[in-house]
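What follows is each chain in one-letter form.
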Amino acid sequence: MGHIEWAYGLAKDLLETTLPRRWAHTQGVAAQAETLAPILGPDTDTLIAACLLHDVGYAPDLVGTGMHQLDGARYLRDVAGAGDQLCRLVAFHSCADNEARQRDLFDVLAKEFDQERPDLARALTYCDMTTGPDGRHLDVRDRLAEIHARYGPEHVVSRSIADATPCIVSSVRAVEAALSDVRQADTG
């Protein structure tokens, strides 16, 4: 079994029944990853697997710190036996260092996991931050507004997303520009 199939099965087992809306989001994020094949080439499979696994830390049985990125990466590393690259992508997805700072977990996160290559980290942020909770594609600004509305202004997630907005928007715009460049080269 390939790592996409493995990641799909694991994420489905952890999210489908207990968090069906999160599972719908996860599937939409993975579908977004498939659209990045023109710019990622052979790294697309790794990105798809990371997209499938990026929110497993929300699964009720995995919650430890309350920071889903860290909880998910720890589970993947310690229980599921995932490779280092997948664990790094999950640990730092969508500018998670901002949430880690809000939760006083940055030193823990940085000690346990290295950051991943910027191009793959940006790609995962793009996929996550352009997919709504129901799995449909959204503009990044609409996605950010949806997160703020869902959590409310005082929640740690809203505060961390507010801090991360420049990083998130920059990541999304960089991926959109790379896709545009590839499309222009194909038609030129």
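Conventions we followed
Residues numbered from 1 in each chain as written. Predicted model: local features only at pLDDT ≥ 70, side-chain atom pairs only at ≥ 80, totals over all residues. Heavy atoms only, no water. Core = buried A, V, L, I, M, F, W, Y, C linked by side-chain atoms within 4.5 Å. Buried < 20%, exposed > 50% of the residue type's maximum accessible area, 1.4 Å probe, protein only. Helix = DSSP H or I, 4+ residues; strand = E, 2+ residues; numbered from the N terminus. Contact = heavy atoms within 4.5 Å. 1 Å grid on protein atoms, 1.4 Å probe; cavity = no way out; pocket = protein on both sides within 12 Å on 5 of 7 lines; lining within 4 Å. Points joined across faces, edges and corners; volume = space filled by probe spheres on them. Nonpolar A, V, L, I, M, F, W, Y, C, P; charged D, E, K, R; others polar.

Asks: Lay out the nonpolar core in plain terms, naming residues and giving numbers.
Replies: In terms of nonpolar packing, the biggest core is built from 57 residues, with L36, L47 and L76 touching the most fellow members. Those elements that place two or more of their residues in this core are helix 1 (3–15), helix 2 (20–34), helix 4 (44–53), helix 5 (68–80), helix 6 (84–91), helix 9 (118–129), helix 10 (140–151) and helix 11 (156–187). Not counting chain neighbours up to four residues away, the residues in contact with L47 comprise A33, L36, L40, L120, A123, L124 and C127.

Asks: Could you give an account of empty space enclosed by the protein, naming the residues involved and the relevant values?
Replies: Going through the model one piece at a time under the given rule, you end up with 1 cavity of 30 Å³ or more. Volume-wise, the largest cavity comes out at about 200 Å³. Those elements that place two or more of their residues in the lining of the largest cavity are helix 5, helix 7 (97–102), helix 9, helix 10 and helix 11. Per-class residue counts for the lining of the largest cavity are 9 nonpolar, 7 polar and 6 charged.

Asks: For the layout of surface pockets, give the residues involved together with the corresponding values.
Replies: Space inside the largest pocket adds up to approximately 210 Å³. Lining the largest pocket are 13 residues, and of these F92, C95, Q115, A121 and C167 sit closest to its centre. At the level of elements, helix 9 and helix 11 are the ones that each hand at least two residues to the lining of the largest pocket. For the lining of the largest pocket, a count of residues per class yields 5 nonpolar, 4 polar and 4 charged.

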